[in-house]
Amino acid sequence: MEQQHAASQKAMPLSARDLEDRNLRLQLFLVRQLVLRLYSDRHGDDAPRLVREHLESMRESVHEGNLHPAEHAMLLDETAEALAEVGEHLELLQAGAL
């Protein structure tokens, strides 16, 4: 069953939208790495604390606005996921893995 699914996925060509999404994800990854490297270089051991403080202020800004409760919940989930990824990247960067 999994082999059939994998085979059908291989047969599907990439769309222009797929390429745009990949390009945006790659750009975001590169910008995130550059910013985190700058924070690490400039602030050393204080970088994780400073990044967490800045991320917390961004997290608070998500609560603003007049969104439908379902949209607000989705936005909170997406924001939490993105902020968690930044924290993980910073930890990896400081460990010398990236």
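No experiment lies behind these values; they were computed from the predicted model shown.

Student: Could you give an account of helix α2 (residues 16-43), with specific residues and numbers?
Tutor: The end-to-end C-alpha distance of α2, which contains 28 residues, comes to 40 Å, matching closely the 40 Å that a straight helix rising 1.5 Å per residue would cover. Within the span of α2, buried status applies to R32, Q33, L36 and S40.

Student: Please set out helix α4 (residues 69-94) residue by residue, giving values where relevant.
Tutor: The terminal C-alpha atoms of α4, which comprises 26 residues, lie 37 Å apart, in line with the 38 Å expected from a rise of 1.5 Å per residue. Buried within α4 we find T79, L83, V86, H89, L90 and L93. Just downstream of α4, G96 is the residue with a positive phi angle, here 85°.

Student: How would you sum up the confidence of the model for the protein? Please name residues and give values.
Tutor: Note that predicted coordinates carrying low pLDDT should not be read in detail. When pLDDT is averaged along the protein, the result is 77, and 81% of the positions lie at 70 or above. Confidence, expressed as mean pLDDT per element, reaches its minimum in the protein at helix α1 (residues 2-11) with 62 and its maximum at α2 with 85.

Student: Kindly report on the nonpolar core, identifying the contributing residues and their values.
Tutor: Formed by L36, V51, L55, L83, V86, L90 and L93, the largest nonpolar core amounts to 7 residues. Counting only elements with at least two residues in this core, the list comes to α3 (47-61) and α4. In terms of residue count, the dominant contributor to this core is α4 (4 residues). Apart from residues no more than four positions distant in its own chain, V51 is found in contact with L36, Y39, V86 and L90.

Student: How would you explain the pattern of salt bridges if you had to name every residue and give the values?
Tutor: Enumeration according to the criterion identifies 2 salt bridges in this entry. For R17, the salt bridge goes to D21, with nearest N and O atoms at 3.4 Å. Here the residue R17 and the residue D21 both occupy positions in helix α2, the gap between them amounting to 4 residues, near one helical turn. R49 is paired through a salt bridge with E53; the nearest N and O atoms lie 2.9 Å apart. A residue pair is termed a helical-turn pair when its members lie 3 or 4 positions apart in one helix, as R49 and E53 do in helix α3 at 4 residues.

Criteria and thresholds
- Residues numbered from 1 in each chain as written.
- Predicted model: local features only at pLDDT ≥ 70, side-chain atom pairs only at ≥ 80, totals over all residues.
- Heavy atoms only, no water.
- Helix = DSSP H or I, 4+ residues; strand = E, 2+ residues; numbered from the N terminus.
- Expected span 1.5 Å × (residues − 1).
- Buried < 20%, exposed > 50% of the residue type's maximum accessible area, 1.4 Å probe, protein only.
- pLDDT = per-residue confidence, 0-100.
- Core = buried A, V, L, I, M, F, W, Y, C linked by side-chain atoms within 4.5 Å.
- Contact = heavy atoms within 4.5 Å.
- Salt bridge = Lys/Arg side-chain N within 4 Å of Asp/Glu carboxyl O.

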